[in-house]
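Examining the three-dimensional arrangement
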Amino acid sequence: MVDADEIDIDDYAGQVVLYLLSQQCKNSTVKKPELIKAVLPDLGRKNIKAIFDEAKNSLKKIHGANLIELEESTKQLMLVNAVPTDPPLNWSDEIRKQQAILLPVLSLIFMSGGSAPENDVKTLLRKLRIINDNELSYDSEEFGDVEKILKNVLVSQRYLNYGTTKPRNAAEKDVPISVFTWGIRSELEISKEKILKFVSDVYGVDVTNWPDQLASLNR
């Protein structure tokens with residue numbers, strides 16, 4: 001183990017920041033044990049904490065990002081924008097397509113009270129011509145494998161959660177349904193107020209036409 005007196009906290013914190021930023025282009029989470037093994041080997045727990053504290057300060061002050069530690073059991077780290085911003089100009093075509101799918105899905109989830117059945121999501125994407133007009137398919141000539149984007153890419157990036165729940169219709173109580181909800185990255189990065197404004201603009205109405213959603217902004 002490295003002698004505590006020989007530790008350059010700022011230098012190690014800089015290495016942590018570079019490691020995290022190298023993953024940020026993919027919006028992916030980072031396994032904390034892997035980061036420690038790659039950048040902070042042979043350092044004691046006390047030193048590692050001090051280094052992470054300095055890295056967090058640097059990320060927020062210089063790069064406008066918050067370092068979030070997810071559930072303790074998963075030991076994963078995630079960078080999120082400290083201040084919600086407009087889409088970056090340097091987004092790749094791949095990310096732009098993912099975000100073009102994400103925004104309407106998040107809007108549907110929010111306007112539906114916090115969760116949206118998968119069938120409703122597919123119906124919306126068909127209406128928007130993001131996927132082909134086939135009830136059994138997620139195929140898209142322009143966007144590629146939309147099912148993979150929704151259930152793998154956007155879920156792994158923590159923009160969406162995907163799972164099963166009991167149906168709202170009591171007559172179907174024995175048949176669980178698949179639903180999407182907002183992921184933690186969306187909760188931290190995306191303004192629900194802007195989502196409500198976006199939906200209101202689409203329908204050409206004032207936000208006051210959605211009292212339940214407007215009230216939820218203050219909860």
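Residues numbered from 1 in each chain as written. Predicted model: local features only at pLDDT ≥ 70, side-chain atom pairs only at ≥ 80, totals over all residues. Heavy atoms only, no water.

Side note on a negative patch on the surface
- Together, Asp8, Asp10, Asp11 and Glu54 line one region of the surface with negative charge.
- Relative to the elements of secondary structure, Asp10 occurs in helix α1 (residues 9-24). (Patch = residues over 30% accessible without salt bridge, like charges linked within 9 Å, V, L, I, M, F, W, Y side chains within 5 Å. Areas by Shrake-Rupley, 256 points an atom, 1.4 Å probe, with all protein chains shown as cover. Salt bridge = Lys/Arg side-chain N within 4 Å of Asp/Glu carboxyl O. Lys, Arg positive; Asp, Glu negative; His and termini not counted. Charge placed at Lys NZ, Arg CZ, Asp CG, Glu CD. Helix = DSSP H or I, 4+ residues; strand = E, 2+ residues; numbered from the N terminus.)

Looking at the sheet that holds strand β5 (residues 160-165)
- As summarised here, the arrangement of the three strands in space is β4-β6-β5, forming an open sheet in which the pairing is antiparallel. Across the chains shown, the open sheet's two edge strands, defined by having one partner strand only, are β4 (116-117) and β5.
- Bridging between β5 and strand β6 (residues 177-182) involves six bridges; their strand directions are antiparallel. Within β6, the position partnered with Thr165 by the bridge is Ile177.
- The strands that helix α6 (residues 146-156) touches are β5 and β6; relative to β5, the one it contacts most, it runs at about 125 degrees. (Pairing = 2+ DSSP bridges. Contact = heavy atoms within 4.5 Å. Axes fitted to C-alpha atoms, helices over the stretch in contact; angles between N-to-C directions.)

A look at the nonpolar core
- Membership of the largest hydrophobic core comes to 26 residues, with the highest contact counts inside it found for Ile101, Val105, Val121, Leu125, Val146, Leu150 and Leu160.
- Every element with two or more residues in this core is listed here: α4 (93-111), α5 (118-127), α6, β6 and α8 (192-203).
- Among the elements that make up this core, the one with the highest residue count is α4 (eight residues).
- If you look at the next biggest cluster of nonpolar residues, it comprises 20 residues, including Val16, Leu20, Leu43 and Ile51. (Core = buried A, V, L, I, M, F, W, Y, C linked by side-chain atoms within 4.5 Å. Buried < 20%, exposed > 50% of the residue type's maximum accessible area, 1.4 Å probe, protein only.)

What to know about the packing of aromatic side chains
- For the coordinates displayed, the defined rule picks out two aromatic pairs.
- Ring centres 5.7 Å apart and planes at 65 degrees place the aromatic pair Tyr203 and Trp210 in the edge-to-face group.
- Among the residues examined, Tyr203 registers a relative accessible area of 58% and is labelled exposed.
- Residue placement shows Lys122 over the ring face of Tyr138; its charged tip is 4.8 Å from the ring centre.
- The cationic tip of Arg185 hangs over the ring face of Tyr159; the distance from NZ or CZ to the ring centre is 5.5 Å. (Phe/Tyr/Trp six-rings, centres within 6.5 Å; stacked < 30°, edge-to-face > 60°. Lys NZ or Arg CZ within 6 Å of the ring centre and 35° of its normal.)

As for the confidence of the model for the protein chain
- Here the protein chain shows a mean pLDDT of 86. Residues at 70 or above account for 87%.
- Within the protein chain, the element-level pLDDT minimum falls on strand β3 (residues 76-81), averaging 88, and the maximum on β4, averaging 96. (pLDDT = per-residue confidence, 0-100.)

Topic: unusual backbone geometry
- For Asp42, which is not a glycine, the phi torsion comes out positive at approximately 65 degrees.
- Of note, Asp42 is situated in the loop between α2 (32-39) and α3 (45-63).
- Non-glycine residue Arg158 carries a positive phi angle of around 70 degrees.
- Looking at the secondary structure, you find Arg158 in the loop between α6 and β5.

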